[in-house]
Amino acid sequence: MSRIDESLPFIPLRIAVLTVSDTRGLEDDRSGDTLVQRLTDAGHVLADRRILPDEREAIAAQLRAWCEDPQVDAVITTGGTGLTGRDVTVEAHRDVYEKEIEAFGVIFAMISFRKIGTSAVQSRACAGVARGTYLFALPGSPGACRDGWDEILSLQLDYRHRPCNFVEIMPRLEEHLRRK
């Protein structure tokens, strides 16, 4: 079963937060606020925070810019993961991914199902890796951000988490680029 090995050091990550919304600003971005509070309370560093409208190309461009930035280890987006015509965050993420982390969406759906029943099928939470940077897309509600952080990301972004975690494999995410 998963556990935190307190004998290991905590390694803070630099995490950027992107809220995707046509209507929210920093003053009323409760989902972004939830993520920032949780990641900083855990000891991580907020690398950057932005709000963008539901525009696929703009979202993908921001994700790519953060993947190129050596001061960003991971990105968490909130919003735009639903089924409506304006929900394009998942497509933007997949435009950027080199590898998708398929089980992230499955685990998120399992957690959501326990809380909201079959309504969980409407979420398209997803995750992937690009240029050595982790990219996570969560739904746009504060509750979904709490669930995604508290039950998945807080553990997988903690080097002390056992039996394994995302942090310990970070140095190897780009090993294919070093081959001769």
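Everything below is about the structure shown above.
Residues numbered from 1 in each chain as written. Predicted model: local features only at pLDDT ≥ 70, side-chain atom pairs only at ≥ 80, totals over all residues. Heavy atoms only, no water.

## Things to note about the overall build of the protein chain
Part 1 of the argument: Check the secondary structure of the protein chain and you find five helices and eight strands.
Part 2 of the argument: Relative to the compact-globule value of 16 Å for 180 residues, the protein chain shows a C-alpha radius of gyration of 16 Å, a close match.
Part 3 of the argument: Projecting the C-alpha coordinates of the protein chain onto the three principal axes gives extents of approximately 45 × 40 × 30 Å.
Part 4 of the argument: The burial tally for the protein chain puts 47% of its 180 residues in the buried class.
Part 5 of the argument: Taking the intrachain contacts of the protein chain between residues at least 6 apart in sequence as the baseline, contacts between residues at least 24 apart amount to 75%.
Part 6 of the argument: Approximately 9100 Å² of the protein chain is accessible, and the part contributed by carbon and sulfur atoms is 53%.
Part 7 of the argument: Taking the 23 positively charged and 28 negatively charged side chains of the protein chain as two groups, their mean positions are separated by 4 Å. (Helix = DSSP H or I, 4+ residues; strand = E, 2+ residues; numbered from the N terminus. Rg over C-alpha atoms; globule rule 2.2 N^0.38 Å. Buried < 20%, exposed > 50% of the residue type's maximum accessible area, 1.4 Å probe, protein only. Contact = heavy atoms within 4.5 Å. Areas by Shrake-Rupley, 256 points an atom, 1.4 Å probe, with all protein chains shown as cover. Lys, Arg positive; Asp, Glu negative; His and termini not counted. Charge placed at Lys NZ, Arg CZ, Asp CG, Glu CD.)

## Quick notes on unusual backbone geometry
Part 1 of the argument: Residues Arg162 and Pro163 are joined by a peptide bond in cis, for which omega reads 20 degrees.
Part 2 of the argument: By the secondary structure assignment, Pro163 is in the segment after strand 8 (161–162).
Part 3 of the argument: Residue Arg131 is not a glycine yet carries a positive backbone phi of 50 degrees.
Part 4 of the argument: Here Arg131 shows up in the loop between strand 6 (126–130) and strand 7 (133–138).

## Some thoughts on the environment of Leu173
Part 1 of the argument: On the secondary structure map, Leu173 appears in the segment after strand 8.
Part 2 of the argument: Taking the C-alpha atoms as reference points, Leu173 and Asp48, separated by 125 residues in sequence, lie 22 Å from one another.
Part 3 of the argument: When sequence neighbours within four positions are dropped, the list of residues in contact with Leu173 reads Val129, Gly132 and Tyr134.

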